[in-house]
Amino acid sequence: MDVGEIKKIIDEDVHSAKKQSAAEGQRYYEGRHDILKYKIYYVDSDGKMQEDKLRSNIKISHPFFTELVDQQVQYMMSGTENIFRSDDEGLQAQLDEYFNDDFYNEVYELLTGTVSKGFDYMYAYKDEDGKTCFQYADSLGVVEVRERDIDEKCKYIIYHYADRIEKNKETIRRIQVWDDNQVTFYVQKNNGAVELDKDAGINPRPHIIIHGNGNQKGQLYGKSLGYIPFFRLDNGRKGFSGLKPIKALIDDYDLMACSLSNNLQDFTDAIYVVSGFQGQNLDEFMQNVKAKKHVGVSENGSLDIKTVDIPYQARQTKLELDEKNIYRFGMGFNSAQIGDGNITNIVIKSRYALLDLKCNKLEIRLKQFFRRLLKIVLDEINQENGTDYRMKDVYFKFEREVMTNAQDNAQIELMDAQTQGQLLNNIMNVAAKLDNETVIRSICDILDIDYEEVKENISSGDSLKNAQQALGGLILEGDSNDE
């Protein structure tokens, strides 16, 4: 790919509508809202628009979007130690080596970027032991290049990032151009010309560099992955940021709250209406008010103090409505919601309903994304160990945790225990008419005990009483008769 073409593609991508929307989502996630650029204007005597720099212009961002994004990501991953599961213990041990804590740390970054920006990436690489690992890649620095817009497969992936800023404030940007076989490294200074990176060593180089051993020690061998190792996760079919449906509401909340603060700031002092003042100027008047607490006026003079009532009730109502709609259309859980005080488990689950819906939609795409990573890992495991594991041998399990009412949980446990006790009593009441095996099997079913393990500890000639002792004394009531 020509270096001039690389610069053109990057510049067009940065200014594309999709990347602008992603950058806006990232900006709001970091709490840098549009309110920070808000200015107040007035029309002067000449009819020209002028910025009013004397009035209060308080700028406060209210990071609802940050909470909604973190809330969704944490809820998606809560209660899940390992998403990749297999009933084969040998395969599970292999999977745990690949999909470990380091991997899930990258998944957290991936999900945060996906929800806030609309889409994000992971890329695969080989560590020093030759094992495939995965790392997060910021979508703002990834450009997909296709021969035609209708092509699904990328011909190139351009990955660029700011490496450092020199003392003379020059920005050094590193650029990588990936294809199916190799990667080429470039460097760019201060948005200038793109040049080959002379510090990159082998350039271009294969995806994997292998160091020789034994007689070949010191020699280098290259290997291609056969695919471009970048994988994209979209937030929905169109890859829209989670900010899109609620941005106007957040901006309105910022404006209402800051306008109220400005009103309070501008009208904290009273207005003095004075006639017949005996002093020389307004400075003397204000000094008399603040220091001496009195003002001299003429015989016909007067002093009237005016105060302004700020109509905050309307703004407060609007703020409450905006907040409610932000959580409603942002499909989040409003932890500040009070309700009628009757916080049962049913009420709690109902408040999580919208968040569950949003996470369910993302979970489907996340499973598809994980399947792509899993295929690479299984191929590597099979190649190294001579196994024949398949995709169907692995499944994904998400276990989201929802806060619950402790009193409700205690009542449920009590009811379960009472029900279990009643069932045991029913069995013991009819035990005399049943054989020991039927009674013991029924008891094991009620207590969720493995019957086969209990059976091993009971000889065929044991009485029901001895069978009860073998169950650990769990049956405390009821009559028993020896056969």
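See the structure above.
Here we summarise the structure given alongside this text.

## Thoughts on the side chain of Lys117
Phase 1 of the analysis: Within the fold, Lys117 resides in helix α5 (residues 101-117).
Phase 2 of the analysis: Separated by 2.5 Å, the side chains of Lys117 and Asp138 make a polar contact.

## Points about the side chain of Lys19
Phase 1 of the analysis: Within the secondary structure, Lys19 sits in helix α2 (residues 17-29).
Phase 2 of the analysis: Overall, Lys19 belongs to the buried group, its relative accessible area being 6%.
Phase 3 of the analysis: Separated by 2.7 Å, the side chain of Lys19 and the backbone oxygen of Val142 make a polar contact.
Phase 4 of the analysis: Look past the residues within four positions of Lys19 in its chain and what remains in contact with it is Asp13, Val14, Phe119, Ser139, Leu140 and Val142.

## Overview of the packing of helix α3 (residues 64-77) against helix α10 (residues 353-385)
Phase 1 of the analysis: At a minimum axis separation of 10 Å, α3 and α10 run at an interaxial angle of 65°. Crossing hand, α3 versus α10: right-handed. On α10, the residues touching Leu68, Gln71, Gln72, Tyr75 and Met76 of α3 are Leu355, Asp356, Lys358, Cys359, Leu362, Glu363 and Leu366.
Phase 2 of the analysis: Partitioning the contact of α3 with α10 into residue classes produces seven nonpolar, two polar and three charged.

## Examining the pairing of strand β9 (residues 182-189)
Phase 1 of the analysis: The buried fraction of β9 amounts to six of the eight residues, a majority that puts the element mostly inside the structure.
Phase 2 of the analysis: Between strand β8 (residues 171-178) and β9, which pair antiparallel and follow one another directly, the connecting turn spans three residues.
Phase 3 of the analysis: In terms of strand pairing, β9 meets strand β11 (residues 205-206) through two bridges, oriented antiparallel. The residue bridging Val183 from the neighbouring strand is Arg205, located in β11.
Phase 4 of the analysis: Pairing geometry for β9 and strand β10 (residues 194-196), over three bridges, is antiparallel. Bridge pairing in β10 places Tyr186 opposite Leu196.
Phase 5 of the analysis: Linking β9 back to β10 in an antiparallel pair, the connection comprises four residues, with Asn190 at a positive phi of about 50°.

## Notes on the pattern of salt bridges
Phase 1 of the analysis: All chains considered together, the criterion is met by 28 salt bridges.
Phase 2 of the analysis: Between Arg27 and Glu24 there is a salt bridge, with its nearest N and O atoms 3.9 Å apart. Placement of both Arg27 and Glu24 in helix α2 is noted, with a separation of three residues, approximately one turn of the helix.
Phase 3 of the analysis: For the salt bridge of Lys247 with Asp251, the shortest nitrogen-to-oxygen distance reads 2.7 Å. Of this pair, Lys247 and Asp251 both sit in helix α6 (residues 247-266), separated by four residues, roughly a single helical turn.
Phase 4 of the analysis: Each member of the salt-bridge network shares a partner with another, and the members are Glu24, Arg27, Asp34, Lys37, Lys247 and Asp251.

What counts and what doesn't
Residues numbered from 1 in each chain as written. Predicted model: local features only at pLDDT ≥ 70, side-chain atom pairs only at ≥ 80, totals over all residues. Heavy atoms only, no water. Helix = DSSP H or I, 4+ residues; strand = E, 2+ residues; numbered from the N terminus. Polar contact = N/O pair within 3.5 Å; in protein donor to acceptor, adjacent residues only side chain to side chain. Buried < 20%, exposed > 50% of the residue type's maximum accessible area, 1.4 Å probe, protein only. Contact = heavy atoms within 4.5 Å. Axes fitted to C-alpha atoms, helices over the stretch in contact; angles between N-to-C directions. Left-handed = near helix turned anticlockwise from the far one by under 90°. Nonpolar A, V, L, I, M, F, W, Y, C, P; charged D, E, K, R; others polar. Pairing = 2+ DSSP bridges. Salt bridge = Lys/Arg side-chain N within 4 Å of Asp/Glu carboxyl O.

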